[in-house]
Amino acid sequence: SVSDALLISEIVVDPNTGTASDHYLIKFEIPVAFKNSSARSYEEKEVREYKNICVDKFREDLFTSAINQIGFECLDHAVSLYTDTVSSILDKHAPLITKRFTVQKSDFWDEKCQAAKRNRQRAKRRLKAKQTLHDNPLADINIEEIRADHHEKSVDAAITINTARDNFYRKQLDSYKGDARGTYKVINKLLDKEYGSNKVPNGEDQDVANRLKDFFHNKIKNIYSGITAEIDSLQCIDESPQAQLTPAAKSSFCEFTEVSVSDLESIIRSMPDKSSSLDAIPFWLFKECLPEMLPITHYIVNQSLKE
């Protein structure tokens, strides 16, 4: 029956309607789930549960993988081999899973802001509902009063939220007095800029690499040009033997010295456990697996210095 499908219960026929109508009042109960307007909102993200990785088994797979082979064809081959191998082993030990996260409100958001926003939304819904009845000549509605109430609630919400925001960031800036890094971080937050995002230029990998190479090549070239121009201008001021500048050094820097395995290991172990979104694995896990990672890392570092 319909009542069974709708889970209607406690059906009662009440003949005492209080009117002369021959229709009876029927009372019943039906479960209804109302959406909570203050319920938290969520977002889904793909993540890896790195903390659940068994490091010993992860190291075993690295040890028997191709990254521990004797030689590598070239730098590009070694980099591709490292990325593909580590990603494949990572998919085995910590596959991507989808998790729900609570969408965090702004740091300055408090109960007063939430109450002001709720009052503004109620006034807006009330105004919208009454506007549909405004054209009905039988409806006794003071639309101007409702519109004024909506305007007042909107202004109150804006003042409350802006005040909370201003006070929050003013306190943050005061706390970072003398700390340029902290102040810079707060300012970027206010300007809606990502702090320390290390964004990579758009384009194909080879094109991006060439653009970065040209940028730094031109930068160094301009520095040398500036130094040469400064020396020439000083020599033109005074050509006397006593005023001659010290002759330029005869030595030159043509190539980097290869880093040893032990020096590279010491440098890596002394670095903090910070990671970038571009890293194949978190740096703390990289350090845990350093004996297996060191041979290919040593090759990549030295080949990069050569090329």
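Residues numbered from 1 in each chain as written. Predicted model: local features only at pLDDT ≥ 70, side-chain atom pairs only at ≥ 80, totals over all residues. Heavy atoms only, no water.

Let us look at the nonpolar core. Ranked by size, the top nonpolar core spans 27 residues in total, and within it Phe58, Leu62, Phe286 and Met293 carry the most contacts. Of all the elements in the fold, those that place two or more residues in this core are α2 (55–63), α3 (75–93), α8 (261–270), α9 (283–288) and α10 (290–306). Here this core takes seven residues from α3, the largest share from any one element. With six residues, the next largest nonpolar core counts Phe108, Cys113, Ile161 and Tyr169 among its residues. (Core = buried A, V, L, I, M, F, W, Y, C linked by side-chain atoms within 4.5 Å. Buried < 20%, exposed > 50% of the residue type's maximum accessible area, 1.4 Å probe, protein only. Helix = DSSP H or I, 4+ residues; strand = E, 2+ residues; numbered from the N terminus.)

This brings us to the pattern of salt bridges. As enumerated under the stated definition, the model contains 10 salt bridges in all. Between Arg147 and Glu144 there is a salt bridge, and its shortest N-O distance comes to 2.9 Å. In this pair, Arg147 and Glu144 are both assigned in helix α5 (residues 143–175), three residues apart and thus about one turn of the helix distant. Take Arg147: its relative accessible area is 33%, and that puts it in the partly exposed class. Asp149 is paired through a salt bridge with Lys153; the nearest N and O atoms lie 2.8 Å apart. Of this pair, Asp149 and Lys153 both sit in helix α5, four residues apart, which is roughly one turn of that helix. (Salt bridge = Lys/Arg side-chain N within 4 Å of Asp/Glu carboxyl O.)

This part takes up the side chain of Ser65. Examined against the element boundaries, Ser65 turns out to sit in the loop between α2 and α3. Ser65 sits in the buried class, given a relative accessible area of 17%.

Structural measurements only, silent on function.
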